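# What the coordinates show
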Amino acid sequence: MGKIKAIALISGGLDSALSAKIIQTQGLEVIGVHFLTPFSKYNLENFEKSPAHHSAQELGIELIAKPLGEEFLQIVKNPKFGYGKSINPCIDCRILELKKAGELLKEKNAQFIITGEVVGQRPMSQRRETIKLIDKESGLSGVVLRPLSAKILSPTLAEEKGWVDRDKLYGIAGRSRKVQFELAKKFGLKEFSTPAGGCLLTEESFGKKVQDLITHQPDFGVNDVQLLNWGRHFRISAQAKLVVGKNDKENKKITSLAQKGDWLIHTENIPGPAGLLRGKVRE
């Protein structure tokens, strides 16, 4: 079979970095993957500034940045397993990410997947029964190893085959992160972001903008999502909305996102905001 390899989902947070490190210390090769959705705070252009990139550099592993575009928007519009507190379809998102990581197994000649999930840390996607559901729905039951909680979960293929020593894994549960910070110190890890810091869908104010799109423009695309990051948004009617820049940088960005059929509004002869009117409007 050659050298055993694992695909690790790297979020940029501490838990995913620790999980990769724990498997590295057992002499296995780890390849990282980070998924970029239209709601990520980073994209391919600025990815080198992201916590995930810095985390992978510290670990010394290859990191694949994989964009999820229209496919991801479909689960935001209509998630099979519903939303979290905001408009975040965490369960459906995790299933999609694992499916995509599963495709990398063959491509990279790897044998299993690692994630940094901890049982009970998040109320929606990290309950014991939900973890089983996610693995089943992604078609990867037994293939996904969660090193931080492995000892309180059923043994996976990697443990049963002896690729990984289960005794050197952990049985962490709950929301406290005390053990993780102790492990970070032990492994000398310093490059990690705060939990849940990467997805705009978990932020209430941003979630309201997305909900407005789902309600009034259910066929929205990636460009509409990009526009949500800039300016003030005013719902003019059920069919139209106005986006107004707050400064020169936003004016330029809003203007660059204009599409066929949009109206661009500028002040003449004096400095002022740029406006983008999108939708069905009367003259």
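My aim in this report is to walk through the structure given alongside it, one point at a time. Remember, predicted model here, so these are calculated numbers, not experimental data. (Residues numbered from 1 in each chain as written. Predicted model: local features only at pLDDT ≥ 70, side-chain atom pairs only at ≥ 80, totals over all residues. Heavy atoms only, no water.)

## Details of the environment of threonine 37
Worth spelling out the cut-off: Helical segments are the DSSP runs of H or I of at least four residues, strand segments are the runs of E of at least two, and each set is numbered from the N terminus. The cut-offs for exposure are 20% and 50% of the maximum accessible area for each residue type, with area from a 1.4 Å probe on protein chains only; residues under the lower value are buried, those over the upper are exposed, and the others partly exposed. The criterion used for residue contact is that any of the two residues' heavy atoms lie within 4.5 Å.
Summarising the element assignment, threonine 37 is placed in the loop between strand S2 (29–36) and helix H2 (51–59). Among the residues examined, threonine 37 registers a relative accessible area of 12% and is labelled buried. For the pair threonine 37 and phenylalanine 72, spaced 35 residues apart in sequence, the C-alpha to C-alpha distance is 6.8 Å. Those residues within four positions of threonine 37 in sequence are excluded, and the remaining contacts are Leu68 and Phe72.

## Focus: the layout of surface pockets
Over the atoms, a rolled probe matching the size of one water molecule traces out where space is still vacant. Worth spelling out the cut-off: Buriedness for pockets is judged along seven lines, at least five of which must meet protein on both sides within 12 Å for an open set on the 1 Å grid over protein atoms alone, while cavities are sets there where a 1.4 Å probe fits but cannot get out, and lining residues have an atom within 4 Å of a point. Grid points are joined across faces, edges and corners, and a volume is the space filled by probe spheres set on the points. Gly is put with the polar residues, along with every residue not named as nonpolar or charged; the nonpolar set is Ala, Val, Leu, Ile, Met, Phe, Trp, Tyr, Cys and Pro, and the charged set is Asp, Glu, Lys and Arg.
Of the volumes computed, that of the second largest pocket is approximately 640 Å³. Lining the second largest pocket are 21 residues, with Ser40, Tyr42, Asn43, Gln226 and Asn229 positioned closest to its centre. Counting residues per element, the ones that place at least two in the lining of the second largest pocket are helix H9 (222–227) and helix H10 (248–256). Tallied by class, the residues present in the lining of the second largest pocket amount to 10 nonpolar, seven polar and four charged.

## Remarks on the pairing of strand S6 (residues 232–237)
The side chains of a regular strand alternate, residue by residue, between the two faces of the sheet. To keep things clear, this is the line we draw: Strands were regarded as paired on the criterion that DSSP finds at least two bridges between them.
Examined bridge by bridge, S6 and strand S7 (residues 240–244) share five bridges and lie antiparallel to one another. When the bridges of S7 are listed, arginine 235 appears paired with lysine 241.

## Examining H2
Convention followed: Think of the arc as the fan of directions from the helix axis to the C-beta atoms.
Taken residue by residue, H2 has Ala52, His53, Ser55, Ala56 and Leu59 as its buried positions. For H2, the angular spread of the buried residues around the axis is 165 degrees, confining them to a single face. Those residues of H2 hidden inside the fold are in contact with helix H1 (14–24), S2 and strand S3 (63–67). Phi for glycine 60, located one or two positions after H2, is positive at around 75 degrees.

## Some points on helix H5 (residues 128–137)
Structurally, the α-helix is built with 3.6 residues per turn, so residues lying three or four positions apart point the same way. Considered for burial, the residues of H5 that qualify are Thr130, Ile131, Ile134 and Asp135. Projected down its long axis, H5 carries its buried residues within an arc of 140 degrees, all on one side. Those residues of H5 that are exposed and angled more than 90 degrees off the buried face are Glu129, Lys132 and Lys136. In the core, the buried residues of H5 are packed alongside helix H4 (90–107) and strand S5 (144–145). Among the residues trailing H5, glycine 139 stands out with phi positive, at a value near 75 degrees.

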